[in-house]
Amino acid sequence: MKAPKIQMELKENIFARELFGEDFKWGVSTAAYQIEGGHDLHGKGPSVWDVFTAKSGTILNGHHGNTACDFYNTYLEDIAMMKELGIPNFRFSLSWPRIIPNGTGEVNQSGIEFYNKVIDACLANDIEPWVTVYHWDLPHELELRGGWADRDIISWFKEYVAVCAKAFGDRVKYWMVLNEPMVFTGAGYFMGVHAPGKKGLTNFLPAAHHAVLAMAEGGRVLRQLIPTAEIGTTFSCSYIEPYTTSRKDVVAARRADALMNRLFIEPILGLGYPEEDLPVVKKLKKYYQPGDTELMQFDFDFIGIQNYTREIVKHSIFVPYLNAVLVKAGNRRVPTTAMGWEVYPPAIYHMLKKYSDYAGMPKIYITENGAAFPDVAADGKVNDTERVHYLRSYLRQVLKAKSEGVNVQGYFVWTLLDNFEWAEGYHPRFGLVHVDFDTQRRIIKSSGYWYKAFLNG
Ligand code: GAL
């Protein structure tokens, strides 16, 4: 009696999609370095990720993105596959060093042509392109000049944004300026576990401040050059709870929340940095120039929220400035993904509520949500029921928030293809589509078919 169950689930799915409303945007998200490969083809310059992954000991198993999913060569087939799955919106990022190899100055026409072909193929397949201008692959040449820690990054970035807007603005309506500034500054300039591998407050604080300014300035460049565009930017966020109700743990959780969930959005909204709950950011003042408070603000058309999990935080004297530490999910006897992240669907509900509580918050799109599981391909199939379960449970929570009045208007699964997962290499598989990295063969997973049924009935 399998068929009736599937029928029932299908009905429930159709019903669920309709509940989100006709205009709700559904899609998948990707990022250039994680899927493209073609790392040195047709004039592309090296990015900080090309250089970082080439150093030994930086990435699990010595993996790198030189070929990744080979999307640089397979984009036509991959876009056709999205069409087959009935996915109406495709979020991808532009590689800065593919477009401007040295980061500033000469433009690489082959790079522009590549993205023209991707955008045109999307449109020819009735797929709306959603472009992230910066998803972490800074041109290496700019890192040699100080990267995000140097204030000149703001003008280099504006120049790059203008090149992109002029090249693609006639066909791309949806733009996201930065992907997760907290992650690329925190992991890349404080902890040194992501490119460019820098550490410490003296790198992190200026990088963070310049990222905020570049985000707002990038928004202004896009609005000026493409007045009809919908302009957003995306933030990582995790729902944070204290380990115990003790005052120390509560304060530690508040500090972690200010760092992980508030540091980048509040200055954009005109609230300044969350100094009260995170006193260390007072040190940011050192990098301020007159007028910065106003420059940091921008009225984005939408905010992209990217949520995967919840974090439990406890007080710790061993972590300077923060005095807080995350209690790993693995030590809490909770269900986890292959990343070791807790599966906790209400996290996305709480984050939607939290962000929509800000005065002046524009509409929200969930620009990433998804999970890595140890998928196994057998007989040309991947039966990833855990991922289907994960996505459905998180979506129910999105719907709950929406039904309570949160202005959430879209949802993008992270991600289309299994791909290069930064410091973790190719080990965690997040895709709706399985990739054999030796042959580049794609297999649509059960979750891909589930999404197709969900979207198309
Ligand atoms: C996000 C990031 C993506 C992807 C995902 C899963 O932080 O934007 O590039 O790696 O997490 O870890």
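This section reports on the structure supplied with the text.

Structural notes on the site of the ligand
Alright, step 1. As a structural note, the neighbourhood of the ligand is formed by 13 residues, with Gln 34, His 135, Asn 179, Glu 180 and Glu 421 the closest of them.
Alright, step 2. Interatomic distance of 2.9 Å between a side-chain N/O atom of Glu 368 and an oxygen atom of the ligand.
Alright, step 3. Relative to its free-state accessible area of 310 Å², the ligand is covered by the protein chains to the extent of 94%.
Alright, step 4. Counted by class, the shell around the ligand contains 6 nonpolar, 4 polar and 3 charged residues.

Thoughts on the environment of Tyr 451
Alright, step 1. Mapped onto the fold, Tyr 451 is located in helix α16 (residues 446–456).
Alright, step 2. For the pair Tyr 451 and Leu 432, spaced 19 residues apart in sequence, the C-alpha separation works out to 8.3 Å.
Alright, step 3. Ignoring any residue separated from it by four or fewer positions in sequence, one finds Tyr 451 in contact with Trp 26, Gly 27, Val 28, Ile 87, Tyr 411, Val 413 and Leu 432.

Considerations on the packing of aromatic side chains
Alright, step 1. Tallied over the full model, the rule gives 47 aromatic pairs.
Alright, step 2. With a centroid separation of 4.6 Å and an interplanar angle of 5°, the aromatic rings of Trp 96 and Tyr 160 are classed as stacked. A residue pair is termed long-range when its members are at least 10 positions apart, and Trp 96 in helix α5 (residues 96–99) and Tyr 160 in helix α8 (residues 153–168) qualify at 64 residues.
Alright, step 3. For Trp 96, a relative accessible area of 0% corresponds to the buried category.

Quick notes on the environment of Ile 226
Alright, step 1. Within the secondary structure layout, Ile 226 lies in the loop between α10 (201–225) and β5 (230–242).
Alright, step 2. Assessed through its relative accessible area of 5%, Ile 226 is described here as buried.
Alright, step 3. Along the sequence, Ile 226 and Lys 166 sit 60 residues apart, while their C-alpha atoms lie 8.2 Å from each other.
Alright, step 4. Beyond its immediate chain neighbours, meaning those up to four positions away, Ile 226 contacts Ala 165, Gly 169 and Trp 175.

Brief notes about helix α4 (residues 71–84)
Note: α-helices contain 3.6 residues per turn, so residues at a spacing of three or four share the same orientation.
Alright, step 1. In a regular helix each residue adds 1.5 Å, so 14 residues correspond to 20 Å; α4 covers only 17 Å between its end C-alpha atoms and thus falls short of that length.
Alright, step 2. For α4, the set of buried residues is Phe 71, Tyr 72, Thr 74, Tyr 75, Asp 78, Ile 79, Met 81 and Met 82.
Alright, step 3. Backbone geometry just after α4 places Gly 86 at a positive phi near 70°.

Things to note about the side chain of Thr 233
Alright, step 1. Counting through the fold element by element, Thr 233 comes out in strand β5.
Alright, step 2. Only 3.2 Å separates the side chain of Thr 233 from the backbone nitrogen of Leu 178, close enough to count as a polar contact.
Alright, step 3. Once residues within four sequence positions are removed from consideration, Thr 233 is found in contact with Met 176, Val 177, Leu 178, Met 215, Phe 300, Phe 302, Ile 303 and Gly 304.

So, the nonpolar core
Soluble globular proteins tend to pack their nonpolar side chains together in the buried interior.
Alright, step 1. Counting residues in each nonpolar core, the largest one holds 151 residues, and the members touching the most others are Trp 148, Phe 157, Phe 168, Trp 175 and Tyr 451.
Alright, step 2. At 13 residues, the largest contribution of residues to this core is made by α10.
Alright, step 3. In this structure, Trp 130, Tyr 174, Met 176 and Tyr 365 belong to the second largest nonpolar core, which totals 6 residues.

Cut-offs used in this document
- Residues numbered from 1 in each chain as written.
- Predicted model: local features only at pLDDT ≥ 70, side-chain atom pairs only at ≥ 80, totals over all residues.
- Heavy atoms only, no water.
- Near = heavy atom within 4 Å.
- Polar contact = N/O pair within 3.5 Å; in protein donor to acceptor, adjacent residues only side chain to side chain.
- Areas by Shrake-Rupley, 256 points an atom, 1.4 Å probe, with all protein chains shown as cover.
- Nonpolar A, V, L, I, M, F, W, Y, C, P; charged D, E, K, R; others polar.
- Helix = DSSP H or I, 4+ residues; strand = E, 2+ residues; numbered from the N terminus.
- Contact = heavy atoms within 4.5 Å.
- Phe/Tyr/Trp six-rings, centres within 6.5 Å; stacked < 30°, edge-to-face > 60°.
- Buried < 20%, exposed > 50% of the residue type's maximum accessible area, 1.4 Å probe, protein only.
- Expected span 1.5 Å × (residues − 1).
- Core = buried A, V, L, I, M, F, W, Y, C linked by side-chain atoms within 4.5 Å.

Coordinates in, geometry out; function isn't part of it.
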